[in-house]
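What follows is the residue order along each chain.
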Amino acid sequence: MIAGALAQLEVLGVTAVYLQQEERPGEWLDDQPAAVFSIEWVETSPGSCTICEAEVSQGPVGWQRGTGAVCDGCMLEKAWSLGSMLLAVNVMREMGAIDSECDEDMDVATGALATYARLYQRVAEDRWSYRPVGLLRYLRHLGAKFEQLAPEGIDVDELLGSGEEKGTDTTH
């Protein structure tokens, strides 16, 4: 799984190194200030938000050091930069769950996603620099591959793979 992820990053032009053995796990973090809020990955629901007591689900969740899980709403309020990233992930998931068989729904979703992206950029542009990742061309190609596969026959490894098996070029 890690090799596949590194291969995809390489296709995108991102250089990444996977350290299999470290002297002490996380040692590189020693030079960083301890963050009060973070985003953590949890396999099962950690329970209630430590601020407002709303239920917190599994996956990427907000976390307050020394306290525990924080719901998305409280993360937006307490640590906007991290909360906004959780919100962006959830917006992407919600858009991805829309029925792609209905062109009208897809048009509405596309417009809503573009509006969200512009709003997000407008708010974030003063908080950190814009760092383009060059994904649009790759995503267009991926979208075309996705549309070619029957919904019940989607093979994620084939979809995200390098395309060398069938002679396709995933760099378009």
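Criteria and thresholds
Residues numbered from 1 in each chain as written. Predicted model: local features only at pLDDT ≥ 70, side-chain atom pairs only at ≥ 80, totals over all residues. Heavy atoms only, no water. Helix = DSSP H or I, 4+ residues; strand = E, 2+ residues; numbered from the N terminus. Buried < 20%, exposed > 50% of the residue type's maximum accessible area, 1.4 Å probe, protein only. Contact = heavy atoms within 4.5 Å. Areas by Shrake-Rupley, 256 points an atom, 1.4 Å probe, with all protein chains shown as cover. Pairing = 2+ DSSP bridges. Phe/Tyr/Trp six-rings, centres within 6.5 Å; stacked < 30°, edge-to-face > 60°. Lys NZ or Arg CZ within 6 Å of the ring centre and 35° of its normal.

### Focus: the overall build of the protein
Scanning the protein from terminus to terminus reveals six helices and five strands. The secondary structure elements of the protein, listed N-terminal to C-terminal, are α-β-β-β-β-β-α-α-α-α-α. Looking at the protein as a whole, 19% of its 172 residues qualify as buried. By sequence separation, contacts in the protein at least 24 residues apart represent 34% of the contacts at least 6 residues apart. Of the roughly 13,000 Å² of accessible surface on the protein, 55% is carried by carbon and sulfur atoms.

### Some thoughts on the pairing of strand 4 (residues 59-64)
Where strand 1 (residues 37-42) meets strand 4, six bridges bridge the pair, whose relative direction is antiparallel. The residue of strand 4 that forms the bridge with Val42 is Gly59. Between strand 4 and strand 5 (residues 68-70), which pair antiparallel in sequence order, lie three residues; one of them, Gly66, sits at a positive phi of approximately 80°.

### Points about the side chain of Gln64
The residue Gln64 is located in strand 4 in this model. Of the residues examined, Gln64 reaches a relative accessible area of 19% and is grouped as buried. Other than its neighbours up to four places away in sequence, Gln64 contacts Val36, Phe37, Thr50, Ile51 and Val70.

### Observations regarding the packing of aromatic side chains
For the structure on display, the rule yields four aromatic pairs. Between Tyr116 and Tyr120, the ring centres sit 5.9 Å apart and the planes meet at 40°, which makes this aromatic pair tilted. You can see Tyr116 and its partner Tyr120 sitting in helix 4 (residues 103-124), four residues apart, about one turn around the helix. Ring plane angle 65° and centroid distance 6.2 Å describe the contact between Tyr120 and Trp128, whose orientation is recorded as edge-to-face. Trp128 sits in the partly exposed class, given a relative accessible area of 29%. Joined through ring pairs, the aromatic side chains of Trp80, Tyr116, Tyr120 and Trp128 make up one cluster. Over the aromatic face of Trp80 sits the side chain of Arg127, whose NZ or CZ is 4.0 Å from the ring centroid.

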